[in-house]
Amino acid sequence: MDARIGIRNTKSMLFKGLIVFLAFVITLPLIIVLLYIIKQGVMQVNWHFLTHVPAPEGEKGGGIANALVGSVIIVGQSSVLAIPIGILAGIYLSENPGTKLAYYTGLCVDVLQGVPSIVVGIVVYFWLVKPLGFSAASGSIALTIMMLPIVIRATEHTLLLLPPSLKEAALSLGVPYHRVILKVIVPCGFAGILSGIILSIARIIGETAPLLFTALGNNYLSFAVTKPMESLPHIIFTYATSPYDDQHDLAWGASFILLMFVLFLNIVTKLITRKWNIQL
Amino acid sequence: MKTIKSLKLAIAAIAGICITLSASAQDNTLLGAGSTFVYPLFSKIFAEYGKTHDVKVNYQSIGSGGGILQLTNKTVDFGGSDAPLNADQAKKIGVPVLHIPMASGAVVVTYNIPGVTTALNLTGKDIADIYLGKLTNWNSPQIAGTNKGVKLPDLPIVVVHRSEGSGTSYIFTDFLTKVNPDWASKVGKASAVNWPAGLGGKGSEGVAGLVKQTPGAIGYVELIYALQNKMLYAHIQNKSGKFITPSLASTTLASNVELPANAEVSLTNTDNPAGYPISSFTWALIYKEQKYNDRSAAKAKMVLELLWYNIHEGQKNCEPLNYAPLSKSAVKVAEKILKSATYDGKPIL
Amino acid sequence: MSMSPSDTSNKKKPKKDTVANATVDGTIAGKEQMTLMKNKRLDLSYVQMKWETVFRRILIVMSVIMLIVVAGILATLIVQSWPSIKSLGIGYLWGKVWDPVNNVYGAFPFLIGTLLTSFTALIISVPFSYAISIYLGEYNTKGWLSNLLKNTIELIAAVPSIIYGFWALFVLVPIVRSFEMKIGVAPYGVGVCSASLVLAVMIIPYAASLGTSLIRMVPSPLKEGAYALGATRFEVIRSVILPYTRSGLFAGILLSLGRALGETMAVTVLIGNTSAIANSFKEVFFGPGNTMASVIANEFAEADHPVYLSALIELGLVLFFVTVIINLIGKRIITRYTHH
């Protein structure tokens, strides 16, 4: 009897040891990966790096101003499109559960979440690039498609968590429906929606595949959204595979900036969700 | 309430910025895409051109195959290619396309063998056998035969080729097809072939990167990539049986041929006894009729002026980057081709 | 609720009349002003109702946009891949040769490459992601160490894939290469092995954070009951927690698989881009290959033959169906799990 308890306890201890070992043995290398990228990148970043465009191949110096500006513009445009559409579609889903349209829309959102990013890229190529040429705008459309499902789901889930009494009280006071939604429901769920938006931006800002055949790339600083534009992930892809050490350095620097962007946005989301105690 | 308002404001501000930015941007940009072979030269020339002219030329090195396809789809202003259009491609485009020679360059066979620091002598057959997967180890007697005194290690050969359609591949396979009947029957020449062995690197950069990283690797890249990366490259046996060092001089010798009026000519396996056998012209491709997709006459003129600059002032950038500049007669031919370009039926230059 | 524009314009007319009356005949101002105000309020509510209708319509339009986008994607893929479906038929899927020069297209090498990388990554990742899930979900659910680990895992999950690819090219590939030299295969470095390792690194954090929240959902009365019967921790995990979360964790694996299948950039950088299939398994695993996503990324911009292009898009179509179906199944299981 005692011996069996002993065996069972040892088994339990061994199992715990194994779990702890596996959990930490994989987390440590993952952290080392992050630190390595930060270490390689932080040495490259300085004012010159942020304000200059890449030098011609084989020449020293240069920076990633074109990619930085390009990423901000492309992602900015995607947000302008995806945020209103996403929030409104999310409101529809949370307000009309059980209707046929809501079912199919929900299905489409799930489908979109599963579509590989490269497929979005080639589809947008046929929609916009083939008739109109490579442009930052077509890249933004591709990223919008990636961004929509996240914003919609975040909005829907947040609004479903709100107590129905909130809406009922407002409606019973005679407030019109759209004002109830826009001035009562959405502000109450604001934190959740906002964190969904930030999360979606963090997700798409690192997407390369949809931009390969849409925004293409640009060696110059460009503000024209109807023309090709460089972006941070694309410049990393181009320079990562190049044989020049200078260009590797640029790519490390760009990786660092992109990584900081993404980590910052994620931490902001964490702070928001913790403050308002939201489960996404 | 406040937060909603600020969100609205932020969205409006972003939208506003986007609109003003796109409105303020002038149309002084040209878009080119294609050959990675010519990319170092183009990026240098275009940077110089941008200093004296108010034109920004965005050239993306996506491979010659991509350059031709994007020109066909009319998504770029000009394409760059190291291979002239083949019959299929010409048929698909349907309208005349001008091939303007920009420079000539050498494709070198580069390798990374630990312990070997001298240039190897390779014959066309050696290279073909390696790329066919018949020679798989560096210590093979076939390679040792032409490399007396070099101690070749017992190391598997890692074959590296281009992963995408590429003019460099075209030049390389064109040479192998001419010198090796086995290669000609099994693989043939094209910008993208069904490689019997090895791994693909994306772009000349990718191939150079892979060779540099991988012990035992062999690859082929444009001379400039090998030089700038301080990689070793082989001496290649030419038609007269001599092993030729790829260089500016030996490339120039190979490119010194009578150009036909359309400038589409292959330079590989040259007859010149001191010429390097794997060299080629690289071309810029534009439509002969520049009025398509409601392009403005000004834009057409911009493209033509840029290419005019390339074959004249731009040529001074060739030698520092180890491209062979166009010969006088080649420039004459190129001028004639450029002058034949029209806008709405009228000559542009 | 619904009100057509003509209705509203009709209702507006009386108001204009009253305004006219009021200005023409100012003497009966008191009574008239009353009606005017009443009408104004009425009018305001008409405007409100109109807005309400417009708002509802906008909501519907926005949801319909989603339907259109998905239908559009599917239609584009099918239409564009039609030439290849027509000329190559179903044999396309197990054709072993991909040779654009001679117009021979077979997707088999890419199917193999995709399945091999994804499943290898999955097999590598499962023990680790389960361990993290169990550790954070059961052994150490609170406290600074748990929080730190959980937040770190979630941050790592957010790192863009291109950065993983770039890092792996310079750090992981040389390690794999020296390993390959030791075991005597061609030291390519890049290839299926490197790509699988990076995919594993990418899906571990994702699967782990999903698993953690699933395990934390196990009702404590179940566990307490087992403890009360004298079960050890290991026995509780084995006979209560794992059976309870089985379907959820399975869904987590499916979702990770969906991610791995569709992952493009990191794989494109690392896979080696070869369409030929090697002879032995060792060569396949350590040698270069290609996945469906990476071959599209590499060759799409230059596929100049119509059948070539549409063969590539057909790959996209296959990838679309596979990932979407896997994702939908995973999502459904998770939804059912979290609802009961």
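Residues numbered from 1 in each chain as written. Chains lettered and ligands numbered in written order. Predicted model: local features only at pLDDT ≥ 70, side-chain atom pairs only at ≥ 80, totals over all residues.

Enquirer: For this particular structure, what's the right way to read the overall build of chain C?
Expert: When helices and strands are counted, chain C shows 12 helices and zero strands. Sorting the 340 residues of chain C into buried and exposed places 47% on the buried side. Partitioning the intrachain contacts of chain C with sequence separation of at least 6 by distance along the chain shows that 75% fall at a separation of at least 24. (Helix = DSSP H or I, 4+ residues; strand = E, 2+ residues; numbered from the N terminus. Buried ≥ 20, exposed ≤ 12 C-beta atoms within 10 Å, placed from the backbone. Contact = placed C-beta atoms within 7 Å.)

Enquirer: Explanation requested: the overall build of chain A in the structure shown.
Expert: Within chain A, the regular secondary structure consists of 12 helices and zero strands. Whereas a compact globule of 280 residues would reach a radius of gyration of roughly 19 Å, chain A reaches 24 Å, over 25% beyond that. Summarising its shape, the C-alpha atoms of chain A cover approximately 70 × 65 × 35 Å along the three principal directions. Evaluated residue by residue, chain A yields a buried proportion of 54% over its 280 residues. Within chain A, counting contacts between residues at least 6 apart in sequence, those at least 24 apart form 76% of the total. (Rg over C-alpha atoms; globule rule 2.2 N^0.38 Å.)

Enquirer: How do you make sense of helix α3 (residues 65–95) of chain A when you look at a structure like this?
Expert: Taking 1.5 Å as the rise per residue, α3 of chain A with 31 residues should run 45 Å; its terminal C-alpha atoms sit 44 Å apart, in good agreement. Taking the largest bend as the criterion, α3 of chain A deviates by roughly 30°, centred on A82 of chain A, and proline P84 of chain A comes between one and four positions later. (Expected span 1.5 Å × (residues − 1). Bend = angle between axes of the 7 residues up to and from the residue.)

Enquirer: Could you clarify how one ought to interpret the pairing of strand β12 (residues 279–287) of chain B in this entry?
Expert: Sheet faces and side chains relate simply in a regular strand, where the side chains alternate between the two faces. Residue and element names in this part refer to chain B. A large share of β12 lies buried, amounting to nine of its nine residues. Here β12 shows two buried faces, one formed by S279, F281, W283, L285 and Y287 and the other by S280, T282, A284 and I286. Relative to β12, strand β3 (residues 78–81) runs antiparallel, the two being bridged by three bridges. Bridged to S81 within β12 is W283. As paired strands, strand β4 (residues 97–112) and β12 are joined by nine bridges and run antiparallel to one another. Within β12, the residue paired with V97 across the bridge is Y287. (Pairing = 2+ DSSP bridges.)

Enquirer: Any chance you could explain the nonpolar core here in plain terms?
Expert: Generally speaking, soluble globular proteins have nonpolar side chains that are buried together. Counting 285 residues, the largest nonpolar core has I236 of chain A together with V198 of chain C as the members making the most contacts within it. Broken down by element, the residue count for this core peaks at 17 residues, all from helix α6 (residues 192–216) of chain C. Those residues within four positions of I236 of chain A in sequence are excluded, and the remaining contacts are A251, A254, S255 and L258 of chain A together with I162, I163 and F166 of chain C. (Core = buried A, V, L, I, M, F, W, Y, C linked by C-beta atoms within 7 Å.)

Enquirer: Help me understand the interface of chain C and chain A, please; the structure alone is not making it clear to me.
Expert: Frequently, the measure chosen for interface size is the accessible area removed from exposure when the parts meet. Contacts between chain C and chain A engage 65 residues on the former and 66 residues on the latter. At 18 residues, helix α2 (residues 29–88) of chain C tops the list of elements feeding residues into the side of chain C that touches chain A.

Enquirer: Before we go on, may I ask you to explain the interface of chain C and chain B in this structure?
Expert: Taken together, the contact pairs 22 residues of chain C with 29 residues of chain B. If you list the elements that add at least two residues to the side of chain C that touches chain B, you get α5 (161–183) and α11 (292–299) of chain C. Class assignment of the residues belonging to the side of chain C that touches chain B gives a composition of 11 nonpolar, six polar and five charged. (Nonpolar A, V, L, I, M, F, W, Y, C, P; charged D, E, K, R; others polar.)

Enquirer: I tried to follow the domain arrangement of chain A on my own but got confused; where do I start?
Expert: Residues and elements named next belong to chain A. Here chain A is described as being made up of domain 1 (2–44) and domain 2 (47–276). Centre-to-centre separation of domain 1 and domain 2, based on C-alpha positions: 34 Å. Contacts between the two partners involve six residues from domain 1, matched on the other side by seven residues from domain 2. (Domains from an automatic or database assignment.)

Enquirer: Sorry if this is basic, but what is going on with the pairing of strand β6 (residues 158–162) of chain B here?
Expert: Residues and elements named next belong to chain B. Among the five residues of β6, five are classified as buried, and the element is accordingly described as predominantly covered. Bridge analysis of β6 against strand β8 (residues 217–222) gives two bridges, and the strand direction is parallel. Bridging from a neighbouring strand, V159 pairs with I218 of β8.

Enquirer: What is the right way to read the domain arrangement of chain C from this model?
Expert: Residue and element names in this part refer to chain C. Entries for chain C in the domain assignment read domain 1 (1–91) and domain 2 (93–339). On the domain 2 side, the residues contacting the 12 residues of domain 1 number 13 residues. Residues that form the side of domain 1 that touches domain 2 fall into these classes: seven nonpolar, five polar and no charged.

Enquirer: What should I look at first to understand the confidence of the model for chain A in this one?
Expert: Note that predicted coordinates carrying low pLDDT should not be read in detail. Summarising the model, chain A shows a mean pLDDT of 90, and 96% of its residues fall at 70 or more. Mean pLDDT values over the elements of chain A span from 88, in helix α8 (residues 177–188) of chain A, up to 95, in α3 of chain A. (pLDDT = per-residue confidence, 0-100.)

Enquirer: So what exactly am I meant to see when it comes to the environment of L309 of chain C here?
Expert: For L309 of chain C, the position within the fold is in helix α12 (residues 306–339). Separated by 10 residues in sequence, L309 of chain C and L319 of chain C have C-alpha atoms that sit 15 Å apart.

Enquirer: Please clarify how unusual backbone geometry should be interpreted in this entry.
Expert: Although it is not a glycine, L216 of chain A sits at a positive phi angle of roughly 60°. Looking at the element boundaries, L216 of chain A is found in the loop between α10 (209–212) and α11 (232–240). Exposure remark for L216 of chain A: the 29 C-beta atoms within 10 Å place this residue in the buried category. At K74 of chain B, a position not held by glycine, the phi torsion is positive, near 60°. Overall, the presence of 15 C-beta atoms within 10 Å leaves K74 of chain B in the partly exposed class.

Enquirer: For this particular structure, what's the right way to read the confidence of the model for chain C?
Expert: All names here are of chain C. Per-chain confidence: chain C averages 85 in pLDDT, with 89% of residues scoring 70 or above. Here helix α1 (residues 5–24) stands out as the least confident element of chain C, with mean pLDDT 44; helix α3 (residues 108–139) is the most confident, with 93. Throughout residues 1–24 the model reports pLDDT below 50, and contacts reaching past four residues in sequence, or to other chains, amount to 17 contacts. Note on the complex model: pTM 0.86, ipTM 0.91.

Enquirer: I'm lost on the sheet that holds strand β11 (residues 243–244) of chain B in this one. Help?
Expert: Two strands in a sheet stick together by hydrogen bonds in their backbones, pointing the same way (parallel) or opposite ways (antiparallel). All names here are of chain B. The strand order across the open sheet built from three strands is β5-β10-β11, with neighbouring strands paired in mixed fashion. Each of the sheet's edge strands pairs with one partner strand only, and the pair in question is β5 (121–122) and β11. Relative to strand β10 (residues 235–237), β5 runs parallel, the two sharing two bridges. Bridge pairing in β10 links N121 to H235.

Enquirer: So what exactly am I meant to see when it comes to helix α8 (residues 233–262) of chain C here?
Expert: Along its 30 residues, α8 of chain C runs just 38 Å from first to last C-alpha, ending more than 12% under the 44 Å computed at 1.5 Å per residue. At R246 of chain C, α8 of chain C is deflected by roughly 60°, the largest bend along its length.

Enquirer: Help me out: how do you make sense of the environment of I73 of chain A in this one?
Expert: Residues and elements named next belong to chain A. Take I73: it is sitting in helix α3. Residue I73 is classed as buried on the basis of its 26 C-beta neighbours within 10 Å. The spacing of I73 and S222 is 149 residues in sequence and 9.9 Å in space, taken between C-alpha atoms.

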